Amino acid sequence: MKHVLLFDSDCPLCTFQSRLLSRLDWFRVVEMVPLKDERASALAPGVTREDLLEAIHCVTPAGRIHRGARAIRFLGLRIPLLLPAGLVLWIPGVIQIAG
């Protein structure tokens, strides 16, 4: 199973992020799923629709959910072209500013 990125397809920033991540994901480790997809609520049980609309969410095959900048940081270690951004987000304090 792949990691799943949940995003709001009505949000221009979220759509831009998902398209950019899709282009950078040469190894296809992430599946992009818009919130309009009927699978979205089943993929992230316990996360309210309002929370899903606020930020992108990455759901791992194990069911762990990463939100917003933490999702980018998580994916940054799995998508080689995103590695520099992922590493920057591990600098102490940066994730709080980005979040």
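Predicted model only: the values in this text are computed from it and were never measured.

A separate point is the environment of Asp 37. Checked against the element boundaries, Asp 37 lands in the loop between strand 2 (30–34) and helix 2 (40–43). Looking at Asp 37, the relative accessible area reads 24%, which means it is partly exposed.

A separate point is the pairing of strand 1 (residues 3–7). Most of strand 1 sits out of view: five of its five residues are buried. Burial along strand 1 is two-sided: His 3, Leu 5 and Phe 7 and Val 4 and Leu 6, pointing in opposite directions, are all buried. Relative to strand 2, strand 1 runs parallel, the two being bridged by five bridges. In the sheet register, Leu 6 faces strand 2, and the bridge partner there is Val 33. Between strand 1 and its parallel partner strand 2, the chain crosses via helix 1 (residues 12–24), and the hand of that crossover is right-handed. Looking at chain direction, strand 1 and strand 3 (residues 57–59) are connected through three bridges and run antiparallel.

Within this structure, the stated rule accounts for zero aromatic pairs. Lying over the aromatic face of Trp 90, Arg 73 brings its terminal NZ or CZ to 3.9 Å of the ring centre. Over the face of the ring belonging to Phe 74 we find Arg 78, whose NZ or CZ atom lies 3.6 Å from the ring centre.

Another point: the nonpolar core. Formed by 18 residues in total, the largest nonpolar core has its most connected members in Leu 5, Ile 56, Leu 75 and Leu 82. The set of elements that each furnish at least two residues to this core consists of strand 1, helix 1 and helix 4 (69–76). With five residues, the top contributor of residues to this core is helix 4. Core analysis: the next-biggest nonpolar cluster, separate from the first, contains eight residues, Leu 35, Ala 40, Ala 44 and Val 59 among them.

The final tally for this structure, using the stated rule, is four salt bridges. Residues Lys 36 and Asp 10 are paired through a salt bridge, measuring 2.9 Å at the closest nitrogen-oxygen approach. With Lys 36 in the loop between strand 2 and helix 2 and Asp 10 in the loop between strand 1 and helix 1, the pair connects residues that are 26 residues apart, well separated along the chain. One continuous salt-bridge network, built from bridges that share partners, spans Glu 31, Asp 37 and Arg 39.

Turning our attention to the confidence of the model for the protein. For the protein, the mean per-residue pLDDT works out to 94, and 100% of the residues sit at or above 70. Between the elements of the protein, mean pLDDT differs from a low of 91, seen in helix 6 (residues 94–98), to a high of 97, seen in strand 3.

Reading the values: rules and limits
- Residues numbered from 1 in each chain as written.
- Predicted model: local features only at pLDDT ≥ 70, side-chain atom pairs only at ≥ 80, totals over all residues.
- Heavy atoms only, no water.
- Helix = DSSP H or I, 4+ residues; strand = E, 2+ residues; numbered from the N terminus.
- Buried < 20%, exposed > 50% of the residue type's maximum accessible area, 1.4 Å probe, protein only.
- Pairing = 2+ DSSP bridges.
- Right-handed = clockwise from strand over helix to strand, strands pointing away.
- Phe/Tyr/Trp six-rings, centres within 6.5 Å; stacked < 30°, edge-to-face > 60°.
- Lys NZ or Arg CZ within 6 Å of the ring centre and 35° of its normal.
- Core = buried A, V, L, I, M, F, W, Y, C linked by side-chain atoms within 4.5 Å.
- Salt bridge = Lys/Arg side-chain N within 4 Å of Asp/Glu carboxyl O.
- pLDDT = per-residue confidence, 0-100.

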